[in-house]
Structure formats: structure tokens, C-alpha cells
Amino acid sequence: MVSVVDSHTDAGRKVLVLVVPGMSFNEAEWLIEHDQAAVWKESTFGAMNVRPDGPYSYLNNMVSIASGAKAVGVQEWNSYEADEHLSEKGFTASEWMYQLTGISETDGLVHPHMHRLQRKNNESTHKAQVGVFGELLMRNNIDRQVFGHSDTSEEKVRYGSLLALDRNGIVSGDFSESVQKQAGTPFGLEMNHDYLMHKLSTDVDDSQFFVVEWGDLYRLFEQQSYMEEKHFEVEWEKRLQHLSTFVSDAQMYADEIWVIAPMMNKQAYDEKKQLAPVFYWGDQEKRGGFLTSNTTKQDYLVSSIDLIPTWLSSFGLADQVKYSGNVIKQTSVGEFDKSPVLKRVDEMVLIYKSRARVLSIYISCLVIALITAALYGFFGTRKRQLWRYITRLILLSALWSPFWFLALAGFVDQLGIAGFVLALIGGSFVSGFLVEKFSQIPIFLIGSFTFLLITIDISLGSPLMQRSYLGYDPIIGARYYGIGNEFAGVYLISAFMILQPALAGNRRKVTVILIAAMSTILTIVLGKSTLGTNAGATLAAGLAFSFLLYRVIFQSVSWKRVVFLCGGVVSVLFLFLYMLQLTGEQTHIGVAFERLLDGDFLYIKDIIQRKMAMNLKIFRHSNWTQLFVTSYLLGAVILWRKRLQLEGQEKQLFLQTGVVSSFALLLLNDSGVVAAATSMFCVVSAHYYWLSAKKEENHFDVGKTVNSSQTVED
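Residues numbered from 1 in each chain as written. Predicted model: local features only at pLDDT ≥ 70, side-chain atom pairs only at ≥ 80, totals over all residues. Heavy atoms only, no water.

**Q** Help me understand helix α16 (residues 508-527), please; the structure alone is not making it clear to me.
**A** Side chains of residues three or four places apart in an α-helix project in the same direction, reflecting 3.6 residues per turn. For α16, which comprises 20 residues, the first-to-last C-alpha distance of 28 Å matches the rise-based estimate of 28 Å (1.5 Å per residue) to within 8%. If you check which residues of α16 are buried, you get T511, I515, M518, S519, L522, T523, V525, L526 and G527. The buried residues of α16 all sit within an arc of 165 degrees when viewed along its axis, so they share a single face. Looking at α16, the residues exposed on the side facing more than 90 degrees away from the buried face are K509 and I513. (Helix = DSSP H or I, 4+ residues; strand = E, 2+ residues; numbered from the N terminus. Expected span 1.5 Å × (residues − 1). Buried < 20%, exposed > 50% of the residue type's maximum accessible area, 1.4 Å probe, protein only. Arc of directions from axis to C-beta.)

Structure below.
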């Protein structure tokens, strides 16, 4: 794996960035497979997450790319030539900018609302800094030129200049010459190929950052609803061929070329194809291959916040400013087959499109299973033996379901959505039936298989979790690697399922050793930079295992001792988590520790605020809230109603530690509601299974009646 750029400054280095709004993977696939030019097959190709701080839009996405952080735009934002007359204002753009900011500029492009854009993003938790990149280029004598726009006859759309403007909202360039009038094209406008090639071929003494907003596709899709379908298809191919010709010709004059799509067209967006294509051409001997970065740690995938650090690296300026993104890298140099990227994107889109439906049905089934088990736990008698057996089978099948969600993750595209759901139900039911029929320790077996599969997957770089409905989603972009919060909750409780039989013994030293060993394994897997990389789950695991050790060693609970223990454990865990980040490539946790050690407490505060906001949003709008509320209510009932608590120290410790784990996950994770829901579900399900099995063993046999004077324990 190599960086797509050299780390040193090349004299007179010219970087061309083509911003193509409206381009999606539909267009990218056509260019790769049908265009006559070989330029697209020779490119380095990847998919890019373009999610901004607010809703998807061309403006919001462009501000995010330009600032190297998730950001949003402001109303009335646009770019103008300094001497351009604003008919709605009655004077020039230069005069309007002076009235708003006191800055007078008579040449190039101006942005009168720059101060409003900066203020709005400075007040957000991401603290996006618009104009810093352009300012750095200016201070290092790198020439910045911006051309082209996406104007229609109805509105002015000029967002490409966001990539190069300085802190005052000023950059060189023009609009009037770079786009020409052309009869028969969408809105009668077309990118001026000859003019742009002339500008690009003009040598300057300094390095140059050259931005072209290629608005032809945007105009076409804006006009699509008024066009005859076949004519649209013909014009669509013409627009793509025009872009292809320019890219082919531009290679003679640019050291690097980037084609980026900040926002896909509406048709692709509605089809859930919400990853954007990105193409790169650099040194001739490094053509082909795929793009990736440390931000995603996934093959073929980068983030929009990676572009600014990458372009800074092109000019040898990568160390001058700290960004959340990372320099984009190139893999598989010399590989010209682009089908792996297209196939992987199709897999991501398939999961994203169907995730809400699949999880909605799944979560509803889990809620029904818990409520059914609770009702028979409260009111079951010997006459309900068959129904208790069915309830146990349902609970065991539900506990198996996370295992099968992960195990079948790589087969979704082959099975299809319906096939996957049937395979999930079948695998979970058969597994539940087998452990119920042939094993005396079904909870232990389920925990063992689930723990082992998750551990193996994380060790291999989470290839299954990246494709799982219960994993993280690269299109949403909340997490790209490690262990997601859905499986974090399951993973932690599965470890306690494995330990549960050992807690029944009287050999306290052996029990303590087993708990310590499992705790060490779990915290390393969850926290290491090359494995789970989940800080919240690591801290929650450490607290839960510390509580379990405390309960095993001490018979009585002293709250003063518990509070003191928690403080010490958290301190040790933070130190341990920091040590786990010292090896391997830097992750988001490593960045947070680096900022903390530099005294950037505002950065940490913003992270905490974003995590709290995410939890609140999930609680209000997510399907997981159903499972969270149901499992927590039943967990509270179990703890309150003593007669629902099982005999046996190991089962009581499992319940208590599981509750502590779930609360810790809720408080410490950015999507804590999800992790808390899955963990508490596992705890409550295991408890109700044991409760049903206890009734079967201790009270009644088939065909026998109960003496009317005998008290039946629920």
C-alpha cells in the first residue's frame, strides 16, 4: 500500500480537481465499461462517503470536503465574479461583499457570505474551518485557480470555489469564459473545453491548485424531468463523453488529476446509491489500483474528509494543520479491473437499502419473544409444559440470531433479502433446537460459538461485520472498522455466558483467574487499534469485569468501596486503552488521545456532545428503542420481584453483571442505546430460559396434577 502522492514538494506541481456534481456510480460504471477512452480503466478508483453534518446536499457536501470535517452550508451562499452585477441587489458582487464584510476585492471570485459560513460551522461540534486550506496554499505561494459552474437558467450554482478560497472568501478564476453557450445542450450551456485546456496548459512559476466545477451533468439532471426519455439517454452519453475527452486531454498538463462527485444525482440518491465515485491519476508508473485510507481502513473506500489532507500532502504541506481525515492511499497498483469496487459498492447499497426493513422485523420479533417469555415466567404452571418448551426454543433461537447474522453476512448478495431472512430464521431455529435437545448447558454453548466467531472476524479485520445488518454502515459513515455497537453488546454478554458455569464452583482462586483472563482478552480485542477499536465498549467491559471480580471476592456490597473501585478502574482502563493505541496505524481513538495530551479539551468536549446527541437521536427515532425499553423494563421487574430470581450464585452473578455491563455500554458508547439494547436482551433472555428450565426440572412432570393446596412458584 502506497500513498497516492509523494511526500515532498515538486517544483511547479500542478493538481487538477474536477468537481462533478450529479455524478454517481451509475455514470462511473458506464465510463469504465462503455467509454472508448482507456483513461477510466487506468485510473485509481474508489468509493467515497460524502455525508455532511446536516442533510445530504451539494452545498453541505462541498463545505465538508473543503473544510476537511463534517460541515453545513448557509442560505444564499454562492460565488460571484467580483465585477458581476447582482440584479436582485442592484450593484456588483464586490460592492455587496464590501457592505457585508468591509473587504474590498475587484478581481477574481468573491464570496459575500463567507463570514456567515465560518460562524455557523464554528458553532457546531465538528468545528469545521472553511478557508484554512486555501489560506495555506496562498501562504506557501501555491497558485489557486477556479473555473466553471453548475448554473441553470433558474439559479446560480457555484460551489466548486469552496475548495480553494482563502479565509476572506477570495480566490482567482472566472465563470463567464469557462462555460459557453451551446444550443441543444441542457439549459443551453456547456463547459468550454478549449478555454479550460488553454488555462490548464499555461505554465506558472509556482505550483498550482486548479479546480474546475464541471456542471454539465448537474444541468442535465436538473432538466431531466422535462425531457423525453430516449433523448435524455442520448444526451447523458454525450455529457459523459465530453467529460471523458477533457480528462484524457488534461493528462498532458497536470501532475495529478482528481475527479470527485460531491453529490450524486437524485435518481441515484433515491436508489440508495449514496456513495460517490472518486477517480485519481498520478504518476504513470503508479496507474490503476484502488483507493483507501486510515479513516475507513476498508478496501476501495475513503471519506470526503480525506481529500484536504491528501491535497496538502501533494504539495508537501501535510504537517502544517491537523485534520481528522487521513492521506488517501493506493492499493493493488497496476490492477485495471474495476469490478471489485463496483461489486463491493453494490453489496453496501443492498445492505443499506434493506437494513431498515430487516432490522425492524428482527427487533419486533425479539420484543415479542421477550414479552412471551415474561408472561409465561409470571403465570406459567405445569399445564403449560408444551408452551414453556416452545418459549425456551424461541429464546434460544433468538440468542443464536446474532451468530447467524454474522455468519451469513458474506452471502446476502447470493441469497437475496428473502433468502437471507429465511436462512437466518432456519439457522437460528435449528441451532436452538439442537442445544435444547442435546445439551445441558445451552447458554454456555451459544456464548462460546458467538464469542469465537466475533473474535475471529475482528482478528481478520471484520470482513463479516462490515457486511452485516448488525454491523456498521459505510454509507451512514458512523463507523468504518473494528467492532460496532450492536455486536459490542452481544460480545460482552457472550463472554459472561462462557464464564457462567465457572461461577458456580467453590474454587474461588480458579474463578478469579478465569475472570481475569477473560477480562484481559476482551479488553484487548475491544480496545486494540488493530482489532475492535471501540473505546466505550472497552471501558464498559473493564467496569463490568471489575464488578464481577468484586462480587466473587467480597460477599457483601459496600458502596464506598464500589465507588472507589470504579474510579481506580476507570483510570487504569484509560491508561490501558492508550497503550493499546501505541501500535498499529492511528485510529480515531488514537487521535482523541493525541488531542487530549496536547491540551485540546474542546475537541474532547465536542466528541462527548456529539455522542450524547447521537444517543438521543437513536432513542427518539431508532427501532432499537423498542428492544431497549422492553428489555430494560423486564430487567427491572426481574431485579424487583425476588421470586423471579433464580437460585444459584452463578446465575445471580450473571444477571447482576449483565445489568452493570448494559448500563455501562449505555453511558459510555456513542450509540449506547443500541449496545445497551442488545446486551440487556441477551441477559434477560438467558434469565427467562433458566427460569423456564427450573420450572420443568423442579416442579412438575407430564401427566401429574398439582395438589390444590400446593403453592405454585411463578
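**Q** What is the right way to read the environment of I498 from this model?
**A** Within the secondary structure layout, I498 lies in helix α15 (residues 485-499). For the pair I498 and F444, spaced 54 residues apart in the sequence, the C-alpha separation amounts to 5.0 Å. Residues in contact with I498, not counting those within four places in the same chain, are F444, G447, S448, F451 and M518. (Contact = heavy atoms within 4.5 Å.)

**Q** Help me out: how do you make sense of the pattern of salt bridges in this one?
**A** Side chains that differ in charge, positive against negative, can pair when their charged atoms come close. Counted by the stated rule, this structure contains 18 salt bridges. With a shortest N-O distance of 4.0 Å, R144 and D166 are connected by a salt bridge. Highlighted residues: R144 in strand β8 (residues 143-147) and D166 in the loop between β8 and β9 (170-174), separated in sequence by 22 residues. (Salt bridge = Lys/Arg side-chain N within 4 Å of Asp/Glu carboxyl O.)

**Q** Got a minute to help me understand the nonpolar core in this structure?
**A** Across soluble globular proteins, nonpolar side chains show a tendency to be buried alongside one another. Counting residues in hydrophobic clusters, the biggest one holds 110 residues, and the most contacted among them are W40, L162, L163, F209, W258, I260 and W311. When residues of this core are assigned to their parent elements, the largest contribution, seven residues, is made by helix α8 (residues 229-250). Every residue in contact with L162, bar those within four places of it in the chain, is listed here: L59, M62, V63, A66, W77, L117 and V130. If you look at the next biggest cluster of nonpolar residues, it comprises 89 residues, including I446, I458, L653 and V659. (Core = buried A, V, L, I, M, F, W, Y, C linked by side-chain atoms within 4.5 Å.)

**Q** Is there a simple way to explain the packing of aromatic side chains in this structure?
**A** Each aromatic ring pair is summarised here by two numbers: the centre-to-centre distance and the angle between the ring planes. What the rule picks out here adds up to 33 aromatic pairs. Seen in terms of ring centroids, F405 and F420 are 5.8 Å apart; in terms of plane orientation they differ by 50 degrees. Their pairing is tilted. Taken together, the residues span a long stretch of sequence, with F405 in helix α12 (residues 385-407) and F420 in helix α13 (residues 412-438) at a distance of 15 residues. An identical accessibility class is assigned to F405 and F420; each is buried. Following the ring pairs from residue to residue traces out a cluster consisting of F133, F209, W258, Y280, W311 and F315. For K297, the ring lying beneath its charged end belongs to Y481, and the centroid distance is 5.4 Å. (Phe/Tyr/Trp six-rings, centres within 6.5 Å; stacked < 30°, edge-to-face > 60°. Lys NZ or Arg CZ within 6 Å of the ring centre and 35° of its normal.)

**Q** Mind showing me how you'd approach the packing of helix α7 (residues 216-223) against α8 here?
**A** Two numbers describe a pair of packed helices, the interaxial angle and the distance between the axes. Where α7 meets α8, the closest approach of the two axes is 10 Å, and the angle between their N-to-C directions is 170 degrees. Judged by the angle between their axes, α7 and α8 are roughly antiparallel. Here D216, L217, L220 and F221 of α7 lie close against α8, whose contacting residues are F232, E235, W236, R239, L240 and H242. A class-by-class count of the residues in the contact of α7 with α8 yields six nonpolar, one polar and three charged. (Axes fitted to C-alpha atoms, helices over the stretch in contact; angles between N-to-C directions. Parallel < 35°, antiparallel > 145°, perpendicular 65-115°, else oblique. Nonpolar A, V, L, I, M, F, W, Y, C, P; charged D, E, K, R; others polar.)

**Q** Sorry, what's going on with empty space enclosed by the protein here?
**A** Gaps left between atoms show up when a probe the size of a water molecule is rolled over them. By the definition in use, this model includes six cavities of 30 Å³ or more. The calculated volume of the largest cavity comes to roughly 120 Å³. Along the wall of the largest cavity there are 18 residues; nearest its centre are R344, E347, M348, I351 and R467. Residue contributions to the lining of the largest cavity peak at seven residues, all from helix α11 (residues 339-379). Split by residue class, the lining of the largest cavity holds nine nonpolar, three polar and six charged. (1 Å grid on protein atoms, 1.4 Å probe; cavity = no way out; pocket = protein on both sides within 12 Å on 5 of 7 lines; lining within 4 Å. Points joined across faces, edges and corners; volume = space filled by probe spheres on them.)

**Q** What am I meant to see in a nonpolar patch on the surface here?
**A** On the surface, a nonpolar cluster with roughly 480 Å² of combined accessible area is contributed by F429, V430, F433, L434 and F438. Of note, F438 is situated in helix α13. In this structure F438 comes out as exposed when scored by relative accessible area, which is 61%. (Patch = residues over 30% accessible without salt bridge, like charges linked within 9 Å, V, L, I, M, F, W, Y side chains within 5 Å. Areas by Shrake-Rupley, 256 points an atom, 1.4 Å probe, with all protein chains shown as cover.)

**Q** Help me understand unusual backbone geometry, please; the structure alone is not making it clear to me.
**A** The phi angle of most residues is negative, glycine excepted, and most peptide bonds adopt the trans form. The backbone phi angle of K127 is positive, close to 50 degrees, even though this residue is not glycine. Judged by relative accessible area, K127 falls into the partly exposed class, the value being 27%.

**Q** Which parts of the structure should I look at to understand the packing of helix α21 (residues 624-640) against helix α22 (residues 649-668)?
**A** Close contact between α21 and α22 brings their axes to 12 Å; oriented N to C, the two are set at 145 degrees. Relative to α22, α21 is oriented so that their crossing is left-handed. On α22, the residues that touch F628, Y632, I638 and L639 of α21 are L655, V659, S662, F663 and L666. Looking at the contact of α21 with α22 residue by residue, the class counts come to eight nonpolar, one polar and no charged. (Left-handed = near helix turned anticlockwise from the far one by under 90°.)

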